[in-house]
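A closer look at the structure
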Amino acid sequence: MNSFAQNTIEDFQKKTIEVNGIPFNQFNSITQDQEGYLWLGTNEGLLKYDGYEVKVYKNKKEDATSIANNEVEKLYVDHEGILWIGTQIGISRYKKTCDCFSNYYLTSSIQPTYIDTLFKGTSYGATNETVHAIVENQNEQLWIASLGDGLFQYDRKKDEFIPFLNQSQHLYSLKDRFINELLVDQQNQLWIGTQAKSKDTQSGLIRLDLNTGETKIFIHEPENFNSLIDSRVTALLEDRQGRILVGTYQTGLHLYHPREERFTRLKFDPAQPNTLHTSFSRKKIFGDYAAVNFLYQDRQGGIWVSAYNEGLYRFNIADNEMLTYKYNPTQSSEFTSNYFKAIH
């Protein structure tokens, strides 16, 4: 993505993606493969775009080699150039040789009605098997997280996904936690952003050292201003300098300090409006405070931040400049709302 000199929506050019004259307007995930094709995850299938034409992949009940589900939540290209597709009922692997898919369905460990109840009255669809995150570690091991079924590691030899940290007896078991995000840092540590399924379980940011197996959890501590502002972690990013940023509910944005194992809460300061922060909106979405949707670093080093329905922010670390992009319904705009789910 290019750097922008002005904080106007006109800096963006809207690209209409149409199939048979019908436009696609909502995208959940975006990635680009090693051949340059742009892949777009939507609620109506997977799109492959070459800059001119679009091909749509949809589930066909009579075809076991079609994509697992039409609601595509996450896309990831691994070190071998394989495209992995996280859907609402499992994960698919794209096979270029046949232009088809291998599908992996994750075993549910809790009643799906719980998730239905959690998101009742919202526009968000989810199941226990919804794949929210896909990452690779330094040993080229693939990890995926489903919303309600926990963490899985891919065994390339057996071609199957193995549950990990999902045993209830483990101190930081993921069985009783939703997983919102995954990150593997430069130290080969797996960071797991979680949210409790019930009041009996603790939300938090779990760090798993893949070299030693050591685990630790970071949570909100009311009397500790160097802790997370909210234990429910929704976004993670390690920038090119190795700094880890953490997004949470209450539009919380934090910088992690590894030596002291503490966080700096990046709050808005009217005296320093160009300092990296989120909007810290107190507006409630579906009865709860907004969460940071994603964190992204572009080629120029700029950090992009999006909070639910609060617009898009870009912070330029080099010149300490913060740019804000928001949709205004009273003006002509390339944007259609202030809700952003993906950037590439």
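Note that the coordinates shown come from a computational prediction; the quantities given were computed from them, not determined experimentally. (Residues numbered from 1 in each chain as written. Predicted model: local features only at pLDDT ≥ 70, side-chain atom pairs only at ≥ 80, totals over all residues. Heavy atoms only, no water.)

Before going further, it helps to examine the overall build of the protein. Summing up its helical and strand segments, the protein has 1 helix and 28 strands in all. Expressed as a percentage of its 344 residues, the buried residues of the protein come to 49%. Residue pairs at least 24 apart in sequence account for 47% of intrachain contacts in the protein once pairs closer than 6 positions are excluded. Of the accessible surface of the protein, which amounts to about 17400 Å², a share of 45% is contributed by carbon and sulfur atoms. (Helix = DSSP H or I, 4+ residues; strand = E, 2+ residues; numbered from the N terminus. Buried < 20%, exposed > 50% of the residue type's maximum accessible area, 1.4 Å probe, protein only. Contact = heavy atoms within 4.5 Å. Areas by Shrake-Rupley, 256 points an atom, 1.4 Å probe, with all protein chains shown as cover.)

Turning to the state of the cysteines, a few remarks are in order. Summed over the entire model, instances satisfying the criterion amount to 1 disulfide. Covalently, cysteine 98 is tied to cysteine 100 through a disulfide, its sulfur atoms 1.8 Å apart. Linking cysteine 98 and cysteine 100, the disulfide has an S-S dihedral of approximately -60 degrees and is accordingly described as left-handed. Exposure remark for cysteine 98: the relative accessible area of 40% places this residue in the partly exposed category. (Disulfide = S-S within 2.5 Å.)

Within the structure shown, the criterion is met by 11 salt bridges. Across the salt bridge formed by glutamate 80 and arginine 156, the nearest N and O atoms sit 3.7 Å from each other. Of this pair, glutamate 80 sits in the loop between β7 (72–77) and β8 (83–87) while arginine 156 is found in the loop between β13 (150–155) and β14 (160–164), placing the two residues 76 residues apart along the sequence. Among the ionic pairs, glutamate 261 bridges to lysine 216, the shortest N-O distance being 2.4 Å. Pair noted here: glutamate 261 is in the loop between β21 (252–257) and β22 (262–265) and lysine 216 is in strand β18 (residues 215–218), with a separation of 45 residues, a long-range link. Shared partners join several salt bridges into a network, and the residues in it are Asp78, Glu80, Glu136 and Arg156. (Salt bridge = Lys/Arg side-chain N within 4 Å of Asp/Glu carboxyl O.)

On to the side chain of asparagine 188, then. With respect to the helices and strands, asparagine 188 occurs in the loop between β15 (177–184) and β16 (189–196). Residue class for asparagine 188 comes out buried when judged on its relative accessible area of 2%. A polar atom in the side chain of asparagine 188 sits 3.2 Å from the side chain of asparagine 211. Contact partners of asparagine 188, with chain neighbours within four places excluded, come to Asn137, Gln138, Asn139, Leu208, Asp209, Leu210 and Asn211. (Polar contact = N/O pair within 3.5 Å; in protein donor to acceptor, adjacent residues only side chain to side chain.)

Positionally, leucine 190 belongs in strand β16. For leucine 190, the residues in contact, after removing those within four places along its chain, are Val135, Trp143, Leu151, Leu182, Leu183, Val184, Ile206, Arg207, Leu208 and Leu210.

Right, let's talk about the nonpolar core for a bit. By size, the foremost hydrophobic cluster in this structure holds 16 residues, and its most contacted members are Leu151, Leu174, Ile179, Leu182, Leu190 and Ile192. Counting only elements with at least two residues in this core, the list comes to β11 (131–136), β12 (142–146), β15, β16 and β17 (204–209). The leading source of residues in this core is β15, at 3 residues. Other than its neighbours up to four places away in sequence, isoleucine 192 contacts Leu151, Leu165, Leu174, Ile179, Glu181, Leu182, Gly204, Leu205 and Ile206. (Core = buried A, V, L, I, M, F, W, Y, C linked by side-chain atoms within 4.5 Å.)

Bringing the packing of aromatic side chains into the picture now. A complete count under the given rule lists 17 aromatic pairs for this structure. Ring geometry for tryptophan 143 against phenylalanine 164: centres 4.9 Å apart, planes inclined by 85 degrees, an arrangement best described as edge-to-face. Of this pair, tryptophan 143 sits in strand β12 while phenylalanine 164 is found in strand β14, placing the two residues 21 residues apart along the sequence. Classification of tryptophan 143 as buried rests on a relative accessible area of 1%. Taken together through their ring pairs, the aromatic side chains of Trp39, Tyr57, Tyr94 and Phe101 make up a single cluster. If you follow arginine 232 out to its NZ or CZ, it ends over the ring of tyrosine 249, 4.0 Å from the centre. (Phe/Tyr/Trp six-rings, centres within 6.5 Å; stacked < 30°, edge-to-face > 60°. Lys NZ or Arg CZ within 6 Å of the ring centre and 35° of its normal.)

For the rest of this paragraph, the subject is the sheet that holds strand β27 (residues 312–316). Overall, antiparallel pairing links the 4 strands, which are arranged β25-β26-β27-β28 in an open sheet. For this open sheet the edge positions go to β25 (292–297) and β28 (321–325), each flanked by a neighbour on one side alone. Strand-to-strand twist across the sheet, computed as the mean angle between neighbouring axes with direction ignored, equals 15 degrees. Two elements, β25 and strand β26 (residues 303–307), share 5 bridges in a ladder whose sense is antiparallel. When the sheet's bridge partners are listed, glutamine 297 is paired in β26 with isoleucine 303. (Pairing = 2+ DSSP bridges. Axes fitted to C-alpha atoms, helices over the stretch in contact; angles between N-to-C directions.)

Everything listed is a geometric property; what it means functionally is a separate question.
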